[in-house]
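Each chain, letter by letter, is given below.
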Amino acid sequence: MKLVILGATGSIGTQALEVVEELKGRYDIEVAGISGNRNIKLLEEQIRKYRPKFAAVPEEALAAELQHLVADTDCKILSGQEGLCYLAAETGADMVLSAIVGFAGLVPTLRAVEAGIDIALANKETLVTAGSIFTKAIAKNKVRLLPVDSEHCAIFQSLKAGKSQEIHKILLTASGGPFFGKKREELLHITKAQALKHPNWSMGAKITIDSATLMNKGLEVMEAKWLFDVEIDDIEVVVQRESIIHSMVEFADHSVIAQMSKPSMKHPIQYAFTYPDRLVAKEDRVDFAALGKLTFYAPDEETFRCLALAKQAGRQGGIMPTVLNAANEVAVDGFLRDSIGFLEIAERVESEMAAWTNHQDPTLEELIAIDGEIRSKGL
Ligand code: NDP
């Protein structure tokens with residue numbers, strides 16, 4: 001299989017390259033192309049190790065720098081949005097792993113779909129912001145869409161136990177994040193360092209903050225709606241503190257089917273790569289006796305407003321999920337730069353949503369313009 005990794009220098013991208021390495025000799029994957037954003041030093045190392053024919057970075061100056069660093073290899077360096085799209089759609093890939101963070105991942109992923117290439121989707125923002133456009137393109141081009149988000153991979157696997165018309169509800173699990181059980185007063189002075197310390201997962205900065213605010217779970221509710229063609233209110237978020245159950249499906253006969261494994265993104269990444277086959281994994285097995293118990297709670301949507309806001313945007317549809325997503329990306333960036341406090345993230349998102357009049361069936365160009373407008377306003 002020929003693989004292109006969009007976002008190869010990130011948390012998902014680097015773990016995907018480790019999976020490629022671990023599968024060597026059992027399931028050979030040729031890394032045809034990789035992309036990054038600012039970390040060209042790591043891209044250089046990856047180019048030397050995996051020998052892709054193409055690599056891309058958005059910024060021209062960094063692309064030129066990278067070209068200079070790898071001048072002794074035969075890797076062609078591409079730049080700009082066109083470069084990312086060319087990498088995704090025109091370099092002979094059988095599968096694109098979409099692992100850029102944020103709205104920036106949408107257009108290159110869509111181009112790959114339009115070129116008929118299978119997608120392993122980590123970039124949830126693609127489905128959140130352009131779910132209707134993206135799922136139509138998937139159907140039209142008959143490509144396989146394999147979820148890499150661990151919860152959606154779990155649902156995808158659990159759904160194999162029944163028919164889609166037999167689904168009663170989806171139980172989307174959440175770890176609860178680092179501030180589980182805390183109330184608003186206790187979150188007033190949360191620091192960036194505290195929010196970046198996730199109890200169970202090691203991830204990129206943006207998704208780690210989204211996990212702390214529960215926005216990540218809200219984005220995942222919308223992602224599940226599009227992936228599995230269910231209504232927002234047929235998805236129930238359940239806090240599963242140990243992150244062993246990655247999600248569940250309850251069928252009409254009240255049977256609940258769950259997927260469990262140790263919390264590692266390598267499981268869903270490998271499953272997407274080798275699907276429909278299951279290969280021996282390097283990761284540890286769950287030792288249930290050592291684990292002792294699994295604990296469940298309802299999420300606190302009053303304290304963690306972002307989850308409620310995301311569900312609201314999901315129910316409203318139209319441009320609202322894009323508005324919510326862009327406002328959240330701006331606010332999280334502001335929090336990471338110490339410009340706003342933790343609780344202000346939800347406040348910023350809520351006031352941005354209130355400033356827009358919704359309409360249904362926006363075009364891709366409209367969504368890009370809305371995202372750009374909110375970003376250019378900044379905080
Ligand atoms: P990281 O921040 O670790 O990595 C993001 C990647 O995208 C990097 O390669 C980065 O390049 C690149 N990038 C950042 N901004 C841009 C841009 N404007 N244009 C092009 N490339 C860009 O993120 P994660 O790996 O944590 O997450 C990636 C996606 O996967 C997200 O959508 C996230 O929600 C999803 N996901 C992540 C999980 C995880 O465990 N990490 C779990 C489930 C889903 P560089 O580093 O060179 O700057």
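## Things to note about the overall build of the protein
Next up, step 1: Of regular secondary structure, the protein possesses 17 helices and twelve strands.
Next up, step 2: Here the protein has a C-alpha radius of gyration of 20 Å; the compact-globule value for 379 residues is 21 Å, and the two agree.
Next up, step 3: Principal-axis analysis of the C-alpha atoms gives the protein an extent of 55 × 50 × 40 Å.
Next up, step 4: Sorting the 379 residues of the protein into buried and exposed places 56% on the buried side.
Next up, step 5: Sequence-distant contacts, at least 24 apart, represent 68% of the contacts inside the protein between residues at least 6 apart.
Next up, step 6: Taking the average place of the 41 positive charges on the side chains of the protein and the average place of its 53 negative ones, the gap between the two points comes to 3 Å.

## As for the environment of glycine 83
Next up, step 1: Tracing the chain through its elements places glycine 83 in helix α4 (residues 80–89).
Next up, step 2: When neighbours within four sequence positions are excluded, glycine 83 is seen to be in contact with Ala56 and Leu78.

## Examining the packing of helix α15 (residues 320–336) against helix α16 (residues 344–354)
Next up, step 1: At a closest axis distance of 9 Å, the pairing of α15 and α16 adopts a crossing angle of 145 degrees. For the crossing formed where α15 meets α16, the hand is right-handed. Side by side, α15 and α16 meet where Met320, Val323, Leu324, Ala327, Asn328, Ala331, Val332 and Phe335 of the first sit next to Ile345, Arg348, Val349, Glu352 and Met353 of the second.
Next up, step 2: Considered class by class, the residues forming the contact of α15 with α16 number ten nonpolar, one polar and two charged.

## A look at the site of the ligand
Next up, step 1: The ligand sits among 24 residues. The nearest are Thr9, Ser11, Asn37, Asn39 and Glu125.
Next up, step 2: Glycine 7 is positioned such that a nitrogen or oxygen atom in its backbone is 3.3 Å from an oxygen atom of the ligand.
Next up, step 3: Note that an oxygen atom of the ligand is positioned 3.2 Å from one of the backbone N or O atoms of glycine 10.
Next up, step 4: Protein chains shield 85% of the accessible area of the ligand, which is 900 Å² for the free molecule.
Next up, step 5: Looking at the shell around the ligand, the elements that each hand over two or more residues are α1 (11–23) and α6 (124–140).
Next up, step 6: Residues of the shell around the ligand, tallied by class, amount to eleven nonpolar, nine polar and four charged.

## Looking at helix α14 (residues 305–316)
Next up, step 1: With twelve residues, α14 extends 17 Å between its outermost C-alpha atoms, agreeing within 8% with the 16 Å of an ideal straight helix rising 1.5 Å per residue.
Next up, step 2: Residues of α14 that are buried include every one of Cys306, Leu307, Ala308, Leu309, Ala310, Lys311, Ala313 and Gly314, and no others.
Next up, step 3: Just downstream of α14, glycine 317 is the residue with a positive phi angle, here 65 degrees.

## Let's talk about the sheet that holds strand β8 (residues 167–174)
Next up, step 1: One open sheet holds the five strands; their spatial order is β11-β10-β8-β9-β12, and the pairing between them is mixed. With one partner strand each, in any of the chains shown, β11 (256–260) and β12 (296–297) form the two edges of the open sheet.
Next up, step 2: Across the sheet, helix α7 (residues 150–158) is in contact with β8, β10 (245–251) and β11; its angle to β10 comes to roughly 40 degrees.

## A closer look at the layout of surface pockets
By rolling a water-sized probe across the atoms, one finds the places where empty space is left.
Next up, step 1: Its boundaries defined by the atoms lining it, the second largest pocket holds a volume of some 560 Å³.
Next up, step 2: Considering the residues around the second largest pocket, the lining is formed by 24 residues, among which Ser261, His267, Arg278, Leu279 and Ala281 are closest to the centre.
Next up, step 3: Elements with a contribution of two residues or more to the lining of the second largest pocket: α1, β11 and α12 (266–274).
Next up, step 4: The dominant element in the lining of the second largest pocket, judged by the number of residues it contributes, is α12, at five residues.
Next up, step 5: Each residue belonging to the lining of the second largest pocket can be placed in one class, and the counts come to eight nonpolar, seven polar and nine charged.

About the criteria used
- Residues numbered from 1 in each chain as written.
- Predicted model: local features only at pLDDT ≥ 70, side-chain atom pairs only at ≥ 80, totals over all residues.
- Heavy atoms only, no water.
- Helix = DSSP H or I, 4+ residues; strand = E, 2+ residues; numbered from the N terminus.
- Rg over C-alpha atoms; globule rule 2.2 N^0.38 Å.
- Buried < 20%, exposed > 50% of the residue type's maximum accessible area, 1.4 Å probe, protein only.
- Contact = heavy atoms within 4.5 Å.
- Lys, Arg positive; Asp, Glu negative; His and termini not counted.
- Charge placed at Lys NZ, Arg CZ, Asp CG, Glu CD.
- Axes fitted to C-alpha atoms, helices over the stretch in contact; angles between N-to-C directions.
- Left-handed = near helix turned anticlockwise from the far one by under 90°.
- Nonpolar A, V, L, I, M, F, W, Y, C, P; charged D, E, K, R; others polar.
- Near = heavy atom within 4 Å.
- Polar contact = N/O pair within 3.5 Å; in protein donor to acceptor, adjacent residues only side chain to side chain.
- Areas by Shrake-Rupley, 256 points an atom, 1.4 Å probe, with all protein chains shown as cover.
- Expected span 1.5 Å × (residues − 1).
- Pairing = 2+ DSSP bridges.
- 1 Å grid on protein atoms, 1.4 Å probe; cavity = no way out; pocket = protein on both sides within 12 Å on 5 of 7 lines; lining within 4 Å.
- Points joined across faces, edges and corners; volume = space filled by probe spheres on them.

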